Amino acid sequence: MCIGEKNRLAIPKIIHYCWFGGNPLPEDVQRYIATWRKLCPDYEIKEWNESNFDINCCDYVREAYEAKKWAFITDYVRLKVLFDYGGIYMDTDVEVCKPLDDLLHYNAWSGFESETKIPTGTFASCRENEWIGYLLSYYENKHFVNKDGSYDTTTNVETITKMTKTKYDVRLNNTFQIFGDNYALFPFEYLCAKSLMDGRIYKSDKTYTIHHFSGSWLTPWERFRHRVKVVLVNMLGEKVIVKLKAVMGGK
């Protein structure tokens, strides 16, 4: 359930984003945030960073912060601030294409970034939402640093997709659907609209946001490898690359 009266907007007009590490906002991030202000002019835009968020709130966040893995910190922070305040969370590489007011009557929403994956690059909920609270439970007693000193770089897309499918009657098939207490999932073109596989943008008149996937959590080698994969997908096709990946053991 959510805090608030029925027949009123469930999701408040707040856009949350995270920027840890203290570096200036790059020009591309500033351009994306400008689209938020232009198309959502009456929304509060709230930046979360180490000055207003307790990085010692749990082991996972503290360890990720000490490792300077900013993107993994936001995996927790986005859920926590949505649970506490409600609103819309956006990654800093998200471009808004049209006003978001039509989506505020749901109690929560996300969408598909592929045929089967639920992302949180653009993600929203009312305050004290049951789905968000359930997803937050993943971090109870969770560590970012493994016992061998390596990092747990499991993506939140993987975790949230698995947890949502386990608890709710959702179909991982890139279709619009309502589940739980008025929670919505939107097809790829609504909130993502850019393919991780081929790097192309598939914008339509249904597109509210485009997630440009800067890959800030990736190492330079991983970013290079991803760029090579995008080139190969465009040259050979996605099915060929999937088969080659299976032959090579998923690498």
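Since the structure is predicted, the reported quantities are computational estimates derived from the model, not experimental observations.

Participant: Give me the overall build of the chain: which residues, what numbers.
Facilitator: Looking only at helices and strands, the chain has 8 helices and 9 strands in total. Residue burial in the chain is summarised as follows: out of 251 residues, 46% are buried. Look at the contacts in the chain between residues 6 or more apart in sequence, and 69% of them connect residues 24 or more apart. Of the roughly 13,300 Å² of accessible surface on the chain, a fraction of 52% belongs to carbon and sulfur atoms.

Participant: Which residues make up the pattern of salt bridges, and what values do they have?
Facilitator: Using the criterion set out here, one finds 11 salt bridges in the structure. Ionic pairing is found between Arg62 and Glu66, a salt bridge with its closest N-O pair at 3.6 Å. One end of the pair, Arg62, and the other, Glu66, are both in helix α2 (residues 59-66), 4 residues apart, so they sit about a helical turn from each other. Residue class for Arg62 comes out partly exposed when judged on its relative accessible area of 27%. Asp91 is the salt-bridge partner of Arg78, the closest N and O atoms lying 3.4 Å from each other. On the criterion of sequence distance, the pair formed by Arg78 in helix α3 (residues 70-85) and Asp91 in the loop between β3 (87-90) and β4 (94-96) is long-range, its members being 13 residues apart. What makes Arg78 buried here is its relative accessible area of 3%. One network of salt bridges, with partners in common, ties together Asp59, Arg62, Glu63 and Glu66.

Participant: For the sheet that holds strand β7 (residues 177-179), give the residues involved together with the corresponding values.
Facilitator: In a beta sheet, neighbouring strands pair by backbone hydrogen bonds and run either parallel or antiparallel. The strand order across the open sheet built from 7 strands is β2-β1-β3-β6-β5-β8-β7, with neighbouring strands paired in mixed fashion. Taken across any chain shown, the strands that pair with only one partner, and hence form the sheet edges, are β2 (44-48) and β7. Direction aside, the axes of adjacent strands within the sheet are offset by 20° on average. Summarising the sheet, β3 and strand β6 (residues 122-125) pair through 4 bridges and their orientation is antiparallel. What sits directly across from Tyr89, in β6, is Phe123. Packing against the sheet, helix α1 (residues 27-39) makes contact with β1 (14-18), β2 and β3, and its axis sits at approximately 170° to β1.

Participant: How would you sum up the packing of aromatic side chains? Please name residues and give values.
Facilitator: The tally for this structure, following the rule as stated, stands at 24 aromatic pairs. Centroid distance Tyr106 to Phe186: 5.7 Å. Interplanar angle 85°. Geometry classified as edge-to-face. Taken as a pair, Tyr106 in the loop between β4 and β5 (108-111) and Phe186 in strand β8 (residues 183-186) lie far apart in primary sequence, 80 residues in all. Through pairs of rings, three or more aromatic residues link up here, namely Trp48, Phe53, Tyr60, Phe72, Tyr76, Tyr85, Tyr138, Tyr139, Phe144 and Tyr151. Lying across the ring of Tyr134, Lys167 places its NZ or CZ 5.2 Å from the centre. Sitting over the face of the ring of Tyr168, Lys167 holds its NZ or CZ atom 5.8 Å from the ring centroid.

Participant: Explain α3 residue by residue, including any values.
Facilitator: Taking 1.5 Å of rise per residue, the 16 residues of α3 would be expected to cover 22 Å, and the 21 Å separating its terminal C-alpha atoms lies within 8% of that figure. Of all the bends found along α3, the most pronounced is centred on Tyr76 and spans about 25°. Among the residues of α3, Ala71, Phe72, Ile73, Thr74, Asp75, Tyr76, Val77, Arg78, Leu79, Val81 and Leu82 are the ones counted as buried. Gly86 sits one or two positions beyond α3 and adopts a positive phi of about 75°.

Participant: Describe unusual backbone geometry, and please don't skip the residues or the numbers.
Facilitator: Non-glycine residue Asn141 carries a positive phi angle of around 60°. Looking at the element boundaries, Asn141 is found in the loop between α4 (130-136) and α5 (156-167). Exposure remark for Asn141: the relative accessible area of 74% places this residue in the exposed category. Phi angles above zero are rare outside glycine, and Asn174 is one such case at about 60°. Position of Asn174 relative to the elements: it lies in the loop between α5 and β7.

What counts as what
Residues numbered from 1 in each chain as written. Predicted model: local features only at pLDDT ≥ 70, side-chain atom pairs only at ≥ 80, totals over all residues. Heavy atoms only, no water. Helix = DSSP H or I, 4+ residues; strand = E, 2+ residues; numbered from the N terminus. Buried < 20%, exposed > 50% of the residue type's maximum accessible area, 1.4 Å probe, protein only. Contact = heavy atoms within 4.5 Å. Areas by Shrake-Rupley, 256 points an atom, 1.4 Å probe, with all protein chains shown as cover. Salt bridge = Lys/Arg side-chain N within 4 Å of Asp/Glu carboxyl O. Pairing = 2+ DSSP bridges. Axes fitted to C-alpha atoms, helices over the stretch in contact; angles between N-to-C directions. Phe/Tyr/Trp six-rings, centres within 6.5 Å; stacked < 30°, edge-to-face > 60°. Lys NZ or Arg CZ within 6 Å of the ring centre and 35° of its normal. Expected span 1.5 Å × (residues − 1). Bend = angle between axes of the 7 residues up to and from the residue.

Spatial relationships are all this shows, so hold off on functional conclusions.
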